Amino acid sequence: MHQRKYALELIADLGLSGSKPVDYPIETNPKLTTSEFDACTGSSDDTLLTDLGSYQRLLGKLLYLTITRPDISFVVQSLSQCMHIPKASYMEAALKVVRYIKSSPGLGFLLNAHCSESLSAFCDANWAACPNTRNSVTGYFVKFGKPKGTYMQAANEVSKRDEMHWTRRQTSDFDP
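Residues numbered from 1 in each chain as written. Predicted model: local features only at pLDDT ≥ 70, side-chain atom pairs only at ≥ 80, totals over all residues. Heavy atoms only, no water.

(A) Broad picture of the overall build of the protein chain. Secondary structure assignment for the protein chain yields six helices and four strands. Secondary structure elements of the protein chain, listed N to C terminal, follow the sequence α-α-α-α-α-β-β-β-β-α. For the protein chain, buried positions account for 36% of its 176 residues. Pairs at least 24 residues apart make up 77% of the contacts formed inside the protein chain by residues separated by at least 6 positions. Taken as a whole, the protein chain presents about 11000 Å² of accessible surface, with 57% of it coming from carbon and sulfur. (Helix = DSSP H or I, 4+ residues; strand = E, 2+ residues; numbered from the N terminus. Buried < 20%, exposed > 50% of the residue type's maximum accessible area, 1.4 Å probe, protein only. Contact = heavy atoms within 4.5 Å. Areas by Shrake-Rupley, 256 points an atom, 1.4 Å probe, with all protein chains shown as cover.)

(B) Summary view of the confidence of the model for the protein chain. Mean pLDDT over the protein chain works out to 77, with 72% of the residues at or above the 70 mark. In the predicted structure, residues 149–163 sits below a pLDDT of 50 and forms 40 contacts with residues beyond four places in sequence or in another chain. (pLDDT = per-residue confidence, 0-100.)

(C) Looking closely at the packing of aromatic side chains. Scanning all chains against the criterion turns up one aromatic pair. Each ring, one from Tyr 6 and one from Tyr 64, has its centre 4.9 Å from the other, and the planes form 70°; the classification is edge-to-face. Here Tyr 64 lies in helix H3 (residues 52–65) and Tyr 6 lies in helix H1 (residues 4–13), a separation of 58 residues in the sequence. A relative accessible area of 25% means that Tyr 6 is categorised as partly exposed. Overall, Tyr 64 belongs to the partly exposed group, its relative accessible area being 43%. (Phe/Tyr/Trp six-rings, centres within 6.5 Å; stacked < 30°, edge-to-face > 60°.)

(D) Spotlight on the pattern of salt bridges. By the definition in use, this model includes four salt bridges. A salt bridge links Glu 9 to Lys 5; the shortest N-O distance between them is 4.0 Å. Residue Glu 9 and its partner Lys 5 are both found in helix H1; the two are separated by four residues, about one turn of the helix. Among the salt bridges present, the one from Arg 69 reaches Asp 71, with a minimum N-O distance of 3.2 Å. (Salt bridge = Lys/Arg side-chain N within 4 Å of Asp/Glu carboxyl O.)

Written as structure tokens, this is what we have:
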């Protein structure tokens with residue numbers, strides 16, 4: 001199950017067909033701050049976006065992609081926290097997510113036809129992890145069936161084999 005056509009249309013609509021794909025959706029520990037935080041600290045390096053609608057539409061499309069792309073869920077959730085007053089750095093980060101999607105637009109889930117009907121859920125929380133609000137960040141992982149969940153790719157894509165192995169290693173820790 002994948003959304004290859006939708007991902008390719010998103011890339012084309014944003015005019016990023018000729019751009020270079022990136023290996024990661026976001027840098028480690030990005031410095032994305034809210035405008036309220038900048039006002040308190042006196043920082044004025046980043047400008048507010050004049051067109052809120054374009055950022056909000058882009059994030060809506062990225063949220064739709066998270067149905068089959070859990071690898072971008074955390075980044076899109078982080079970027080969606082400032083949809084009311086986005087800054088230019090947030091738009092740049094969102095476009096980087098699209099360039100990450102460009103590296104493997106056919107990435108999705110491989111569902112086994114003969115799996116048991118068991119449902120497992122795991123969650124984790126990080127106390128006061130958000131640098132802007134000091135709120136807790138909670139993550140979850142839900143697995144349906146006994147076989148290990150894996151990513152799949154379209155038949156003509158084999159360049160992301162290492163990413164698939166990494167994802168399998170990450171999800172194998174959640175087996176009960």
